[in-house]
Amino acid sequence: MTHRPPDRFNTSAGTVAATRIGSGPPLVLAHGWPWSSHSWSRVVPHLSQHFTCHLYDMPGFGQSDKTGSRPMSLDTQGEVFGEMLNHWNLKEPAVIAHDFGGAVTLRAHILHGRRYSAWVLMNVVAMRPWGSGFFDHVGRHTDAFLGVPPHIHEAIVRAYIHGALIRDLPSEDIEALVTPWLGPEGQAAFYAQFALADERFTADVENGFACLDPKPAILWGADDPWIPLDRGHALAELVGVPLTELAGLGHLPQLEDPTRVATALLSALKAH
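Residues numbered from 1 in each chain as written. Predicted model: local features only at pLDDT ≥ 70, side-chain atom pairs only at ≥ 80, totals over all residues. Heavy atoms only, no water.

(A) Highlighting the side chain of Gln193. Of note, Gln193 is situated in helix 8 (residues 183-196). A relative accessible area of 7% places Gln193 in the buried class. Leave out the neighbours within four places in its chain, and Gln193 touches Trp33, Phe61, Met72, Phe100 and Phe135. (Helix = DSSP H or I, 4+ residues; strand = E, 2+ residues; numbered from the N terminus. Buried < 20%, exposed > 50% of the residue type's maximum accessible area, 1.4 Å probe, protein only. Contact = heavy atoms within 4.5 Å.)

Here it is, written out as structure tokens:
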């Protein structure tokens with residue numbers, strides 16, 4: 001969580017850390033895996049000049065509870081996204097989603113009737129197939145990874161996060177992304193996400209892509225090592241919108257080149 005001490009809010013999946021910053025119409029930012037609201041920290045100063053930015057760490061991530069009573073899977077996250085909109089009393093906010101935040105906001109919209117005034121999907125998990133060979137391997141052998149020594153686990157987390165990037169990030173950003181996954185609770189939560197991954201959570205919504213209202217803008221770090229550009233083009237074709245390529249950026253465009261990406265995000269939001 002960034003910018004100020006977070007508020008705490010009880011959801012059906014445990015307590016989440018949340019904050020708001022800026023002034024103007026509401027904008028909700030949905031992070032992905034294995035990130036947290038910190039992934040927006042470099043673009044929020046730009047966005048908050050035009051919007052009231054609402055950020056939260058999804059259950060199981062960042063400073064939110066990692067041991068709630070429900071599995072922290074995408075179906076749960078889609079429901080909690082709606083709960084957060086209720087908590088903030090937001091009826092039709094603008095939304096920016098990254099990584100599996102795409103699937104979360106799609107589920108909230110298609111399955112739970114949540115409405116958005118404007119919508120941007122950036123390097124999102126949204127359609128099958130998804131997940132790397134490593135992702136699948138860990139999901140099948142979660143117990144073995146839970147037992148690795150802490151220093152080995154930390155090395156795995158750091159290598160995994162660096163594998164998403166094309167550009168180096170400041171050390172403070174790397175530490176903010178890594179730290180929530182350290183310690184016994186963080187380690188268990190990290191590997192739990194691999195075990196909970198299930199493509200049916202995107203299969204549930206794929207048939208609704210052509211009928212999205214409003215149609216989201218789609219932005220993509222063109223050199224994404226995790227979700228290749230051709231997946232972005234396939235999604236854009238199904239949705240029926242053009243894709244905006246972010247040349248020279250990887251899976252975390254908002255941290256890799258925040259000024260350029262903030263400009264692109266604001267342009268996409270204002271186009272609605």
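(B) Geometry of helix 2 (residues 74-87). The end-to-end C-alpha distance of helix 2 is 20 Å, a good match for the 20 Å that 14 residues give at a rise of 1.5 Å each. Within the span of helix 2, buried status applies to Leu74, Thr76, Gln77, Gly78, Val80, Phe81, Gly82, Met84 and Leu85. Remark: Asn89 follows helix 2 within two positions and exhibits a positive phi of approximately 60 degrees. (Expected span 1.5 Å × (residues − 1).)

(C) A look at the nonpolar core. If you look at the biggest cluster of nonpolar residues, it comprises 69 residues, and the most contacted ones within it are Trp33, Phe81, Ile218 and Leu235. Element by element, the count of residues in this core is highest for helix 2, at 5 residues. Apart from the residues within four sequence positions on either side, Ile218 is in contact with Leu121, Leu235, Ala236, Val239, Val241, Pro242, Leu243 and Thr244. (Core = buried A, V, L, I, M, F, W, Y, C linked by side-chain atoms within 4.5 Å.)

(D) Region of the structure containing the pattern of salt bridges. Enumeration according to the criterion identifies 11 salt bridges in this entry. Among the salt bridges present, the one from Arg115 reaches Asp213, with a minimum N-O distance of 3.6 Å. Of the two residues, Arg115 sits in the loop between helix 3 (101-110) and strand 6 (118-124) while Asp213 sits in the loop between helix 9 (200-206) and strand 7 (217-221), which places them 98 residues apart along the sequence. Residue Arg115 is classed as partly exposed on the basis of its relative accessible area of 36%. Take Asp213: its relative accessible area is 42%, and that puts it in the partly exposed class. Residue Arg158 is joined to Glu175 by a salt bridge in which the shortest nitrogen-to-oxygen separation is 2.9 Å. Residue Arg158 is found in helix 6 (residues 150-162), and its partner Glu175 is found in helix 7 (residues 171-178); the two are separated by 17 residues along the sequence. In this structure Glu175 comes out as partly exposed when scored by relative accessible area, which is 34%. (Salt bridge = Lys/Arg side-chain N within 4 Å of Asp/Glu carboxyl O.)

(E) Representation of the sheet that holds strand 3 (residues 26-30) in the model. Pairing within the open sheet is mixed, and its 8 strands lie in the order 1-2-4-3-5-6-7-8. Bordering the open sheet on either side are strand 1 (7-11) and strand 8 (243-246), each of which pairs with just one other strand. Shown here is a sheet whose adjacent strand axes are inclined to one another by a mean of 25 degrees, direction ignored. Direction of pairing for strand 3 relative to strand 4 (residues 52-56): parallel, over a ladder of 4 bridges. Within strand 4, the residue paired with Leu29 across the bridge is Leu55. (Pairing = 2+ DSSP bridges. Axes fitted to C-alpha atoms, helices over the stretch in contact; angles between N-to-C directions.)

(F) Representation of helix 3. For helix 3, a buried count of 9 out of 10 residues is recorded, marking the element as mostly surrounded by other parts of the structure. Taken as a whole, helix 3 has its buried residues at Gly101, Gly102, Ala103, Val104, Thr105, Leu106, Arg107, Ala108 and His109.

(G) Structural context of the packing of helix 2 against helix 3. The N-to-C vectors of helix 2 and helix 3 enclose an angle of 65 degrees; their axes lie 8 Å apart at closest approach. The two elements helix 2 and helix 3 meet at a crossing, and its hand is right-handed. For the pair helix 2 and helix 3, contact is made by Leu74, Asp75, Gln77, Gly78 and Phe81 and by Ala103, Val104, Thr105, Arg107 and Ala108, respectively. When the residues that make up the contact of helix 2 with helix 3 are grouped by side-chain class, the tally is 5 nonpolar, 3 polar and 2 charged. (Left-handed = near helix turned anticlockwise from the far one by under 90°. Nonpolar A, V, L, I, M, F, W, Y, C, P; charged D, E, K, R; others polar.)

(H) Quick look at the pairing of strand 8. Taken together, the 4 bridges between strand 7 and strand 8 define a ladder with parallel strand orientation. Bridge pairing links Trp220 to Glu245 in strand 8. The parallel pair strand 7 and strand 8 is bridged by helix 10 (residues 229-239), and the resulting crossover is right-handed. (Right-handed = clockwise from strand over helix to strand, strands pointing away.)

(I) Region of the structure containing unusual backbone geometry. Residue Arg128 is joined to Pro129 through a cis peptide bond whose omega torsion reads -5 degrees. Residue Pro214 follows Asp213 across a cis peptide bond; omega there is 5 degrees. By the secondary structure assignment, Pro214 is in the loop between helix 9 and strand 7. A positive phi angle, near 60 degrees, is found at Asn89, a position not held by glycine. Relative to the helices and strands, Asn89 is located in the loop between helix 2 and strand 5 (94-99). Not every positive phi belongs to a glycine, and Asp99 is a case in point at roughly 55 degrees. Within the fold, Asp99 resides in strand 5.

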